[in-house]
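# Structure at a glance
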Amino acid sequence: MEKKTGIKEEVLKSLEDIAKKLNKKTPTPLAESEMMTLFLSSLLEEENL
Amino acid sequence: MKNIAIIQLTRLGDLIQTVQAAYQAKINRKDIKFHLIARKRFAAPMNTILSQVFDEVHYIDATELVSDNLKSSLTNVKNTLVNINSYKFDVCINLSFCKTSSYLASLINATHRLGMYRNEFGELAIEDKWSQLTFSSVMTGKYNPYNLVDIYRNIIGTSGMEPFENTTDVRSHTVKKFCIHPFASDRKKTWNLDKWPEVIYDLNKKFPNSEFFILGSNAEKKQSDVIASSTLLADIKIHNMVGECTLEETSRIVSEATCFLGNDSMLSHLAALHGIPSVTISLGPVKPHESFPYNKRAVTVCSKVNCFPCEVQTKCDLLSCHKDIHHNLIGHLAEALVEGHKLDANYIVDKINIFHLQSVRVYTPDFTKDGYMYISDIASNDTSYDDIIRLLNRIIFDLYLSQRDFKSDIPSLTREVAGKLMEDMKIISQLFEVYNHGSVFAKKLVAAIDKDTAALNQIVAKIQEVERLAMTAKTLSPAASVLVDFFTACQRNSPGSSLRDITQSYLVTFYDASNLSAMAFELLNQMVSPYVKVKSSESSV
């Protein structure tokens, strides 16, 4: 399957932002777009894209 | 009309098992519209099968969703979700225990959720007990006593329904058609290919002029050619269909078969879906209790070696579990199924050479009066230690999770197994004490929840100590392992909207854990007590 290198970097950056948000002393709930990013990240990993 | 979304993102075999589980719900609940959310590459080739049970099938296509940049990929995901969420789901049931499915489950709008999902902080959450048990015992270890179809049925809630049964008498087939699937997804699960010509040759001697259909994917073409061109099979009607059929064509061929033979694989579940008599070989990481084809007319053979079943990630060059299985045994079992004999211990003793049975277990299925499967080894006089632990878990969790009384005779044990179970009893007794202490501290925690923080911290430290001790019990006793893992999963998912509610749930979990530990102790005691008497007279245990 075609490797998706471009999006991977963007997803990694976005995951770092999500991690920062969740690691705060009083984290705020994830937005739908952030949950979708987590879904995409996992899909990329599982499908080895 | 109610709508239920079922997520199944894992492979073809799991999709077929999901169909089997949902089938019973579908025929009994005409007022519910069942939706399946599955990966396109697995679900699209079996659309005809899926559409017999599911009103709507929604595809997750990774290659379509993921583009070159994040923004457009998120738009693709959003559009897919808008389409799926245009239905108002009453329940979203995630039957796949993978990370991707947990995120997807949280993105599906539904009033209720079953199975893994993510809470608003992206943390893993599992609310229902059957999914907690699945997460804690199916994903790891070998002591889960439940067939995956029954686990799915329990999560969906299709109790009290009879499994699909094909009543066709295959003895009436004037020309016997055998479907052979000698391949599997992993080398450790694939029986030596050299054995298959011998199995086919044997079967053709038993049933002259039979036809043999070798099935598989394009990637397995070369291997199938080696089997089909074996000199042993020169005068036998072999149809090498490997790489030449779609999944739906394969399904049709299997549905017309007299008998299916193969490794544990997607096709063994396809044969089960059609109720075709089946002989499967369970090797490597295959756990027969979990993945036995959900079929009344099936039998599986596996090795008695201690390392079976291994973990998927365990590397193995010896493949010890492959060597004990004799091709004659596979032929004999297929013959019994085709001739409509009842495959039980008497048949095995009467008809099968003892030398082919010494190193193997032969499992056949039976169903409880509620229609749930359990399998038993008909080739051994004594129950193995692992089977005893699974029986223990079956009795405990049938009662705890579904208020069902699992009927079983007290198993016959070897002295070695009785000795091991007595060691387990000591650990379970300590586990009972540990969980009792947990109840005491959790009770104190409930009382102190709105008070002194320092006192609260001390109690929390005590509870953490209790949890550490329970984990130690798990490492010392297989009999304790499923209990500890299950209650750890329960505690991590304690329900409640406030700290007080969550703490109270914690307390209830400790109560339940100590009760089930007591029950496990009592059951083990009943199993072992006849052998303790032997000890007093013979000093042998």
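Below you will find a few notes about this structure.

So, on to the overall build of chain A. Looking only at helices and strands, one finds two helices and zero strands in chain A. Taking the principal axes of its C-alpha atoms as reference, chain A extends roughly 40 × 15 × 15 Å. Only carbon and sulfur atoms are counted for the fraction: they give 53% of the accessible area of chain A, which is about 3000 Å².

Paired through backbone hydrogen bonds, the strands of a sheet run either parallel or antiparallel to each other. All names here are of chain B. In spatial order, the strands read E10-E9-E8-E11-E12-E13-E14-E15; together these eight strands make up an open sheet with mixed pairing. Sheet topology places strand E10 (237–240) and strand E15 (373–377) at the edges, where each strand pairs with a single neighbour. Each neighbouring strand pair of the sheet contributes to a mean axis angle of 20°, computed without reference to strand direction. In this structure, strand E9 (residues 211–214) lies alongside E10, joined through four bridges in parallel fashion. Counterpart to Glu-211 in the pairing with E10 is Lys-237. Contacting strand E8 (177–181), E9, E10, strand E11 (259–263) and strand E12 (278–281), helix H9 (residues 195–206) runs over the sheet at an angle of about 160° to E11.

What follows covers a nonpolar patch on the surface. The grouping of Leu124(B), Phe135(B) and Met139(B) at the surface amounts to a nonpolar patch, some 240 Å² of accessible area in total. Along the chain, Leu124(B) turns up in strand E7 (residues 124–126).

On to the nonpolar core, then. Within the largest apolar cluster, 152 residues are counted, with the highest numbers of intra-cluster contacts made by Ile6(B), Leu261(B), Leu333(B) and Phe397(B). Take this core: its biggest share by element is 14 residues, from helix H18 (residues 415–448) of chain B. Counting 36 residues, the second largest nonpolar core, distinct from the first, contains Ile7(A), Ile18(A), Leu74(B) and Tyr103(B).

Okay, helix H11 (residues 247–255) of chain B next. All names here are of chain B. Among all positions of H11, only Leu-247, Thr-250, Ser-251, Ile-253 and Val-254 are buried. An end-on view of H11 places all buried positions within 160° of arc, on one side of the element. Residues of H11 that are buried sit in contact with helix H1 (12–28), helix H3 (47–51), E8, E9 and helix H12 (266–273).

A few words on the packing of aromatic side chains. All names here are of chain B. Scanning all chains against the criterion turns up 14 aromatic pairs over all chains. Plain terms: the ring middles of Phe-397 and Phe-486 are 5.0 Å apart, the flat faces sit at 80° to each other, and that makes the pair edge-to-face. Of the two residues, Phe-397 is situated in helix H17 (residues 385–402) and Phe-486 in helix H20 (residues 478–492); the sequence distance between them amounts to 89 residues. The pair Phe-397 / Phe-486 is uniform in exposure class, with both members buried. For the ring pair Tyr-400 and Phe-486, a centre distance of 6.0 Å and an interplane angle of 85° mean the geometry is edge-to-face. In this pair, Tyr-400 sits in helix H17 while Phe-486 sits in helix H20, placing the two residues 86 residues apart along the sequence. The same class applies to Tyr-400 and to Phe-486, which are both buried. Taken together, the ring pairs connect Phe-397, Tyr-400, Tyr-435, Phe-486, Phe-487, Tyr-506 and Phe-510 into an aromatic cluster. A cation over an aromatic ring shows up here: Lys-420 above the ring of Tyr-385, its NZ or CZ 4.2 Å from the ring centre.

Here we take up the pattern of salt bridges. All names here are of chain B. In total, this model carries 28 salt bridges over all chains according to the counting rule given. When the shortest N-O distance is used, the salt bridge between Asp-150 and Arg-153 registers 3.1 Å. Here the residue Asp-150 and the residue Arg-153 both occupy positions in helix H8 (residues 148–156), the gap between them amounting to three residues, near one helical turn. Two residues, Lys-407 and Asp-405, come together in a salt bridge whose shortest N-O distance is 3.5 Å.

All names here are of chain B. One open sheet accounts for five strands, arranged E3-E2-E1-E4-E5; its pairing is parallel. Every other strand in the sheet has two partners, leaving strand E3 (56–60) and strand E5 (110–114) as the edge strands with one partner each. The sheet shows a mean angle of 20° between the axes of neighbouring strands, direction not considered. Relative to strand E2 (residues 32–39), strand E1 (residues 2–8) runs parallel, the two sharing seven bridges. Looking across to E2, one finds that Asn-3 is bridged to Lys-33. Packed on one face of the sheet, helix H6 (residues 99–107) meets E1, E2, E3, strand E4 (89–94) and E5 and runs near 175° to E4.

Contacts between chain A and chain B engage 27 residues on the former and 28 residues on the latter. A buried area of about 2500 Å², summed over both sides, lies between chain A and chain B, and 69% of it is on carbon and sulfur atoms. The three residues of chain A that bury the most area against chain B are Met35(A), Met36(A) and Phe39(A), which together make up 25% of that side's buried surface. Linking chain A to chain B there are five salt bridges.

All right, on to the environment of Val482(B) then. All names here are of chain B. If you trace the backbone, Val-482 turns up in helix H20. For the pair formed by Val-482 and Glu-220, sequence separation is 262 residues and the distance between their alpha carbons is 38 Å. Apart from residues lying up to four places away in sequence, Val-482 is in contact with Leu-133, Ser-137, Tyr-143, Asn-393 and Phe-397.

With that out of the way, let us pick up unusual backbone geometry. All names here are of chain B. A cis amide bond, omega -10°, links Phe-308 with the succeeding residue Pro-309. Along the chain, the position of Pro-309 falls in the loop between strand E13 (298–303) and helix H14 (320–323). Positioned with a positive phi, Asn-209 is a non-glycine residue whose angle comes to about 65°. Within the secondary structure layout, Asn-209 lies in the loop between H9 and E9.

So, how was this worked out
Residues numbered from 1 in each chain as written. Chains lettered and ligands numbered in written order. Predicted model: local features only at pLDDT ≥ 70, side-chain atom pairs only at ≥ 80, totals over all residues. Heavy atoms only, no water. Helix = DSSP H or I, 4+ residues; strand = E, 2+ residues; numbered from the N terminus. Areas by Shrake-Rupley, 256 points an atom, 1.4 Å probe, with all protein chains shown as cover. Pairing = 2+ DSSP bridges. Axes fitted to C-alpha atoms, helices over the stretch in contact; angles between N-to-C directions. Contact = heavy atoms within 4.5 Å. Patch = residues over 30% accessible without salt bridge, like charges linked within 9 Å, V, L, I, M, F, W, Y side chains within 5 Å. Salt bridge = Lys/Arg side-chain N within 4 Å of Asp/Glu carboxyl O. Core = buried A, V, L, I, M, F, W, Y, C linked by side-chain atoms within 4.5 Å. Buried < 20%, exposed > 50% of the residue type's maximum accessible area, 1.4 Å probe, protein only. Arc of directions from axis to C-beta. Phe/Tyr/Trp six-rings, centres within 6.5 Å; stacked < 30°, edge-to-face > 60°. Lys NZ or Arg CZ within 6 Å of the ring centre and 35° of its normal. Buried area = accessible area lost by both parts, 1.4 Å probe.

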